[in-house]
Amino acid sequence: MKKTLFDKVWDAHVVKEIQNGPQILYIDKHLIHEVTSPQAFGELEQRGIPVFRPDQIVATADHNTPTENQHLPVKDALSRNQLEQLTKNCQKNGITLYELGHKYNGIVHVMAPELGITQPGMTMVCGDSHTSTHGAFGTIAFGIGTSQVAQVFASQCLLLQKPKSLRVTVNGKLKAGVLPKDVILYVIAKLGTNAGTGYFCEYAGNVFEEMSMEGRMTVCNMSIEMGARGGMIAPDETTFEYVKGRKFAPKGKEFEEKVAYWKTLPTDDGATFDKEYHFDAEDIEPMITYGTNPGMGIKITENIPTDNNASFEKSLAYMNFEKGQSLIDQKINYVFIGSCTNSRIEDFRVAADYIKGKKKATNVTAWFVPGSQQVAQQIVKEGLKEVFEEAGFQLRQPGCSACLAMNDDKIPEGEYCVSTSNRNFEGRQGQGSRTILASPLVAAATAIEGKIIDITKQLN
Amino acid sequence: MDKFIKLRSSAIPLSIENVDTDQIIPARFLKATSRDGFGENLFRDWRYHKDGTPNTEFVMNNNSYSGSILVAGDNFGCGSSREHAAWAIHDYGFKVVVSSFFADIFKGNSLNNGVLPVQVTPAFLEELFTEIKKDANTPIEVDLEAQKITIIANGSSSDFEINPYKKTCMINGYDDIDFLMSNTAVIEEFEKERV
């Protein structure tokens, strides 16, 4: 039988099938962080259950961490307690933790790939919906709730129904200045926020084949924003080259053997999907969102649609935008470049390339937050830090930061923020804040101009 | 986990689509290390103004509505995987959430916490909203065994789907950990064979 990439990886991890019920799926790697793990540790403790495979768990502190003065004790008592709990729980259970300040610390979906923890053909989970990021490697990776975190602690397995399959194919040549973020925002704008619910999505076509691993991670990261539990891209030479030599990647002969196996994973010709969508790369332009879910996106040159629907109108009222309005020249006081979607080295290269020789707009407060300590170091090494500083921008320390505003990096009430993150929900970046999702290029241009500009004019 | 077999209650109508988990429980309340007390901050930024006073326009602050069933618009629970959303709904006192569509992770989290997600057709959802608007106290019955939801006043009912395994878990109050741990031998065997 012809199999998809997803089928191949899934089927290789089924421990047992329950009649008329779910399957027991084996999990290779379990990533944890401070926010969604304490209650799971608590549950195990309460029931007297040990952690079954501590060696297959890796922990980092990211959601609830400050992005300044990380060498000092965390000021917020609740956050500090949560971080201390994580340290205690990891120590007690023999789990590797890259805590605040560690050279490998970072956002869970940035640090795990760069350490070679993420590898093709694996199953990976984390108590975070953007775990879909790791699908960029041809990995089945998805977010889970805390009860499931406890299940994986207890058994290294989950009870799951096999999801349906969906394929999004984008072929053609992307226009200048159209980044992976624009591709995924375009796809979500076309398909809506629940087209993928109940499905695992494979991204196919030359557009994804030609993308870097960083770009593929940006795309897979936002699969959950169209409802799909995960997204995957077939592993190829780009993938193998990225994994090779990383700290936890297989070495020598073992690596060669793994590559031989990974090469068998791509979807067979003639395999069928439950749902398929095709898009032309030429139709994609730099994108921005105007509403309060990631499906409410338009090309930067387009006007806000004129739908008549109560939820749509509620959303526009929250954003203080009008139907039919253009967002070009909209004044913007806040810019955030960061999050598990766009905080990798490539994202900062794009931003630096645009910013070089220009000055930050005086009305703008900008937070540039690298995804990990390693990204932060790379920024310094490549001289990007100087570019940012000369233009008037400060780099912060790694973490999830203003993406979900659990720490002090909050956008004030009523303010707009052009953000490279993944969600523009009401209050996501702080109570009353208004988020406009965009690529690192559009974010950088906004930070220089102090308003949204038609970036396509500068590119063509 | 609480058992769920059958429930008859009035409902609170939340006729908003795409209610995301950041609205159900904003991230700033995720700093706790226990599962308790999240109900207090359920729909926090819709229920309260920034100064802490209740927003009287929000349906949960309208005293005519009460009950342990939440009837919500399409695509309920989208967004983050935070189980805190299900804990908040449970802690507030809801036993059932009815919608025409649920996000995956939220649905799973609810089932793992004894909150039953009942997915109905858009037409039946509309009828529910209409009937609740007509009479805020209108009783609604949710029968898990029969997989049926009924508006008692007019007898209108709808069937709903649930995975048979999850149904057994809900009716008996079982959770997945017990089941998985009873399979440890098979899991260890699987690990050996893969090497």
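Residue numbering note: each chain is counted from 1, following its sequence as written. In the order they appear in the text, chains get letters beginning with A and ligands get numbers beginning with 1. For a predicted model such as this one, the threshold for reporting local features is a pLDDT of at least 70, and the threshold for listing and counting side-chain atom pairs is 80 or more; totals across whole chains, interfaces and linings nevertheless cover every residue. Values reported for side chains reflect all heavy atoms of the structure, with hydrogen atoms and water molecules removed beforehand.

By the naming in an unreviewed UniProt entry, chain B is 3-isopropylmalate dehydratase small subunit, taken from Aquimarina muelleri. Looking at the Catalytic activity (unreviewed entry) heading of the UniProt record, one finds this comment for chain B: "(2R,3S)-3-isopropylmalate = (2S)-2-isopropylmalate". UniProt positions are given in the numbering used here, feature names are shortened, and annotations may be inferred rather than shown by experiment.

Chain A goes by 3-isopropylmalate dehydratase large subunit in an unreviewed UniProt entry, where it is assigned to Aquimarina muelleri. Chain A has a UniProt comment under Subunit (unreviewed entry) that states "Heterodimer of LeuC and LeuD." What UniProt states about chain A under its Function (unreviewed entry) heading is, verbatim, "Catalyzes the isomerization between 2-isopropylmalate and 3-isopropylmalate, via the formation of 2-isopropylmaleate."

Asker: Talk me through the packing of helix α12 (residues 345-355) of chain A against helix α13 (residues 373-381) of chain A; I want residue IDs and the actual numbers.
Answerer: Residues and elements named next belong to chain A. For helices, the fitted axis covers only the stretch in contact; all axes are lines through C-alpha atoms, and the angles between them, taken along N-to-C directions, range from 0 to 180 degrees. For the purposes of this entry, the term helix denotes a DSSP run of H or I that reaches at least four residues, the term strand denotes a run of E that reaches at least two, and both are numbered from the N terminus. Interaxial distance between α12 and α13 falls to 9 Å at its minimum, and their mutual angle equals 35°. For the element pair α12 and α13, the recorded crossing hand is right-handed. Two secondary-structure elements touch here, α12 through Ile 345, Phe 348 and Arg 349 and α13 through Val 375, Gln 378 and Ile 379. All amino acids are sorted into three groups, where Ala, Val, Leu, Ile, Met, Phe, Trp, Tyr, Cys and Pro are nonpolar, Asp, Glu, Lys and Arg are charged, and the leftover types, Gly among them, are polar. The residue inventory of the contact of α12 with α13, partitioned by class, reads four nonpolar, one polar and one charged. Each crossing gets its handedness from the near helix: less than a right angle anticlockwise from the far helix is left-handed, clockwise is right-handed. Contacts are residue-level and defined by heavy atoms, with any inter-residue pair within 4.5 Å sufficient.

Asker: Pulling in residues and values, what's your account of the sheet that holds strand β4 (residues 57-60) of chain A?
Answerer: Residues and elements named next belong to chain A. In this description, strands pair whenever DSSP reports at least two bridges between them. Taking strand neighbours across the sheet as the criterion, the five strands line up as β5-β4-β3-β6-β7 in an open arrangement whose pairing is parallel. Strand pairing shows two members of the sheet lacking a second neighbour, β5 (96-98) and β7 (140-143), which therefore form its edges. Ignoring which end each strand starts from, the neighbouring axes of this sheet average 20° apart. The sheet strands contacting helix α5 (residues 146-155) are β3 (29-32), β4 and β6 (123-126), and the helix crosses β3 at an angle near 135°.

Asker: Talk me through the pattern of salt bridges; I want residue IDs and the actual numbers.
Answerer: Think of a salt bridge as a Lys or Arg side-chain nitrogen and an Asp or Glu carboxyl oxygen that are within 4 Å of each other. The tally for this structure, following the rule as stated, stands at 36 salt bridges over all chains. A salt bridge links Arg 35 of chain B to Glu 83 of chain B; its shortest N-O distance comes to 3.7 Å. Of the two residues, Arg 35 of chain B sits in the loop between α1 (21-24) and α2 (44-47) while Glu 83 of chain B sits in the loop between β3 (69-72) and α3 (84-92), which places them 48 residues apart along the sequence. For every residue, the accessible area obtained with a 1.4 Å probe (protein chains only) is divided by the maximum for its type, and the residue is called buried under 20%, exposed over 50%, and partly exposed between those limits. Classification of Glu 83 of chain B as buried rests on a relative accessible area of 0%. Here Glu 131 of chain B makes a salt bridge to Lys 134 of chain B, at a shortest N to O gap of 3.0 Å. Placement of the pair is Glu 131 of chain B and Lys 134 of chain B together in helix α5 (residues 122-134), with a separation of three residues, close to one helical turn. The class of Lys 134 of chain B is exposed, set by a relative accessible area of 63%. One connected set of salt bridges, linked through shared partners, spans Glu 43 and Arg 47 of chain A together with Arg 35, Glu 83, Asp 175 and Asp 178 of chain B.

Asker: Which residues make up the interface of chain A and chain B, and what are the values?
Answerer: With 65 residues of chain A at the contact, the number on the chain B side is 54 residues. Summing both partners gives a buried area of about 4900 Å² for chain A against chain B, and 56% of it is carried by carbon and sulfur. Along the contact surface separating chain A from chain B lie eight salt bridges. Between Arg 53 of chain A and Glu 191 of chain B there is a salt bridge, and its shortest N-O distance comes to 2.6 Å. Pairs of N or O atoms within 3.5 Å make up the polar contacts considered here, provided that, within protein, one atom can donate a hydrogen while the other can accept it, and that residues adjacent in sequence are counted only when both atoms are side-chain atoms. Applying the counting criterion to the chain A and chain B interface returns 30 residue pairs in polar contact (both at pLDDT 80 or more). Those elements that place two or more of their residues in the side of chain A that touches chain B are β1 (14-17), β2 (23-26), α2 (38-47), α3 (77-93), α5, β8 (157-160) and α11 (310-319) of chain A. Among the elements that line the side of chain A that touches chain B, the one with the most residues is α5 of chain A, at seven residues. Looking at side-chain class alone, the side of chain A that touches chain B contains 22 nonpolar, 30 polar and 13 charged residues. What counts as buried area is the accessible surface, traced by a 1.4 Å probe, that two parts surrender upon association, with contributions from both included.

Asker: Which residues make up the UniProt feature "domain: Aconitase A/isopropylmalate dehydratase small subunit swivel" (unreviewed entry) in chain B, and what values do they have?
Answerer: Under the present numbering, the feature "domain: Aconitase A/isopropylmalate dehydratase small subunit swivel" (unreviewed entry) in UniProt falls on residues 1-121 of chain B. With 21% helix and 17% strand, the stretch residues 1-121 of chain B has end C-alpha atoms that lie 28 Å from each other.

Asker: Run through the packing of helix α6 (residues 180-191) of chain A against helix α8 (residues 213-221) of chain A, naming residues and quoting values.
Answerer: Residues and elements named next belong to chain A. For the pair α6 and α8, the least separation of the axes is 8 Å and the interaxial angle reads 25°. One finds that α6 runs roughly parallel with respect to α8. Crossing of α6 against α8: the hand is right-handed. Contact with α6, carried on its side by Pro 180, Lys 181 and Ile 184, involves Gly 215, Thr 218 and Val 219 of α8 and no other residues of that element. For the contact of α6 with α8, a count of residues per class yields three nonpolar, two polar and one charged. Reported orientations rely on four angle classes, namely roughly parallel under 35 degrees, roughly antiparallel over 145, roughly perpendicular from 65 to 115, and oblique for the rest.

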